[in-house]
Amino acid sequence: MAKAAGVSRSTVSYALSGKRPISPEVRDKIDSVIRSLNFTPNAGARALATSQTHVIALLAQFYADEFAPAMMQYILGVTDRARDLGYDTLLVTEPDGVAALRRISNSRMVDGFVLLNVAEHDSRLDVLRKAGQPGALVGLPGDPRGLDVFDLDFEATGALMVDHLHSLGHREIILVSQPEHVVERGGAYVWRLADAARARGDELGIRLHAHHSASSQPEVGSDLANLLETYPDATGLLLNNEAAAAALPSVLSARSLRVPADLSVIGRYSDDFARTFSLPYSSVDSAAAELGRRAVEQLVAHIQGEADAHVVDLTPPKILDRGSTAAPPA
């Protein structure tokens, strides 16, 4: 390749590794030869030369009760941004995340880690703090020290959802959250949103009926129908459960309820998720793909020596108005 481009081997090496600046003219010449030869850099040789693999590990778990389309939004955000930055992604879904993280770290097969499904007291975090590679989390643990964390501000989200319905005149609302066992396995985002919503409701004089629901059909549809039957005077519905949001249109149709004429609805899920399922409800965007992208960007900055401090970055919530909230029926 060096001969075809009319440059030295070291110049080609610098162009591929980015270790030294190369003039635009020379880089264009090398890029042209790369395209003409359909050249792919040898990952093993590059790893030996740079001590980097240009691979990041994405540790995730697919729970049987988890709504898979929502999880995929986080995964795509990580993998797409990693590819943009020149990194491949090793997806690890082993149930024993501690053993997998330790094994991969010790083998030096990746340059860093992104962790999903982060529990409040996540056993992987002590291993990650001791690893030779940096890591970033999508999800706020109870103790984020020494780690980069990206998440939606779920406490602010709960308060905002209640504030919005209160401003429209609603005084009795239902909150549907993820199943209770999600909280038991460390899903702190569930109680963070619920506790904040309940506290804000108490401040504003709102009756808030907070319940957990299933995360798959047909159970989630039955749960929604039962809640609407149990609280006939409720005029607002808050959803912190993607499966419930996806099931809601058919439940409302069966009961001849109109949104927002009969019931105002606000969900919490990603905008991509809403488009995928054609959901017509106003929502707080969980920014799943965006959180994954930002986690990768911070991780790569650490890998490349461009970041020193760790960050805990909680995204402020914003309601995307799709016309599903209004004043309660008279």
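The rules behind each value
- Residues numbered from 1 in each chain as written.
- Predicted model: local features only at pLDDT ≥ 70, side-chain atom pairs only at ≥ 80, totals over all residues.
- Heavy atoms only, no water.
- Helix = DSSP H or I, 4+ residues; strand = E, 2+ residues; numbered from the N terminus.
- Contact = heavy atoms within 4.5 Å.
- Phe/Tyr/Trp six-rings, centres within 6.5 Å; stacked < 30°, edge-to-face > 60°.
- Buried < 20%, exposed > 50% of the residue type's maximum accessible area, 1.4 Å probe, protein only.
- Axes fitted to C-alpha atoms, helices over the stretch in contact; angles between N-to-C directions.
- Parallel < 35°, antiparallel > 145°, perpendicular 65-115°, else oblique.
- Left-handed = near helix turned anticlockwise from the far one by under 90°.
- Nonpolar A, V, L, I, M, F, W, Y, C, P; charged D, E, K, R; others polar.
- Pairing = 2+ DSSP bridges.
- Salt bridge = Lys/Arg side-chain N within 4 Å of Asp/Glu carboxyl O.

Draft legend 1. The arrangement of the side chain of Arg-294 in detail. Here Arg-294 shows up in helix α14 (residues 288–303). Each residue touching Arg-294, except ones within four places of it in the same chain, is listed here: Phe-150, Asp-313 and Thr-315.

Draft legend 2. Main features of the packing of aromatic side chains. Considering all chains together, one arrives at 3 aromatic pairs under this definition. Between Tyr-269 and Phe-273, the aromatic rings sit 5.5 Å apart at their centres with planes inclined by 50 degrees, giving tilted as the arrangement. Take Tyr-269 and Phe-273: they sit in the same class, and that class is buried. Ring geometry for Phe-273 against Phe-277: centres 4.8 Å apart, planes inclined by 40 degrees, an arrangement best described as tilted. In this structure Phe-273 comes out as buried when scored by relative accessible area, which is 2%. On the accessibility criterion, Phe-277 (33% relative accessible area) is partly exposed. Taken together, the aromatic side chains of Tyr-269, Phe-273 and Phe-277 make up a single cluster linked through ring pairs.

Draft legend 3. Summary view of the environment of Ala-301. Looking at the secondary structure, you find Ala-301 in helix α14. The exposure class assigned to Ala-301 is buried, which follows from its relative accessible area of 13%. For the pair Ala-301 and Pro-134, spaced 167 residues apart in the sequence, the C-alpha separation amounts to 9.8 Å. Aside from chain neighbours lying at most four places away, what touches Ala-301 is Glu-306 and Ala-307.

Draft legend 4. Main features of the packing of helix α5 (residues 68–84) against α14. At a closest axis distance of 7 Å, the pairing of α5 and α14 adopts a crossing angle of 40 degrees. The angle between α5 and α14 places the two elements in the oblique class. The way α5 lies across α14 gives a crossing that is right-handed. Contacts between α5 and α14 involve Gln-73, Tyr-74, Gly-77, Val-78, Arg-81 and Ala-82 on the former and, on the latter, Ala-288, Ala-289, Leu-291, Gly-292, Arg-293, Val-296 and Glu-297. Taken together, the residues of the contact of α5 with α14 sort by class into 7 nonpolar, 3 polar and 3 charged.

Draft legend 5. Here's a closer look at the sheet that holds strand β4 (residues 135–138). One open sheet accounts for 6 strands, arranged β2-β1-β3-β4-β5-β11; its pairing is parallel. The open sheet has two edge strands with one neighbour each: β2 (88–92) and β11 (312–315). Averaged over all neighbouring strand pairs, the angle between strand axes comes to 20 degrees, with direction disregarded. Looking at chain direction, β4 and strand β5 (residues 148–152) are connected through 3 bridges and run parallel. Residue Leu-137 lies in a different strand from β5, and its bridge partner there is Val-149. Relative to the sheet, helix α6 (residues 97–107) contacts β1 (55–59), β2 and β3 (112–115), its axis offset from that of β3 by approximately 165 degrees. Docked against the sheet, α14 engages β1, β3, β4, β5 and β11, running at close to 170 degrees with respect to β5.

Draft legend 6. Structural context of the pattern of salt bridges. Under the definition given, this model contains 19 salt bridges. One salt bridge in this structure joins Arg-275 and Asp-271, with 2.5 Å as the shortest N-O distance. Note that Arg-275 and Asp-271 are positioned in helix α13 (residues 271–276) at a spacing of 4 residues, about one turn of the helix. A residue is classified by how much of its surface remains accessible, and Arg-275, at 53% relative accessible area, is exposed. Several salt bridges converge on common partners, so that one network encompasses Asp-271, Asp-272, Arg-275 and Arg-322.

Honestly, that's just the spatial picture; any functional story needs more than this.
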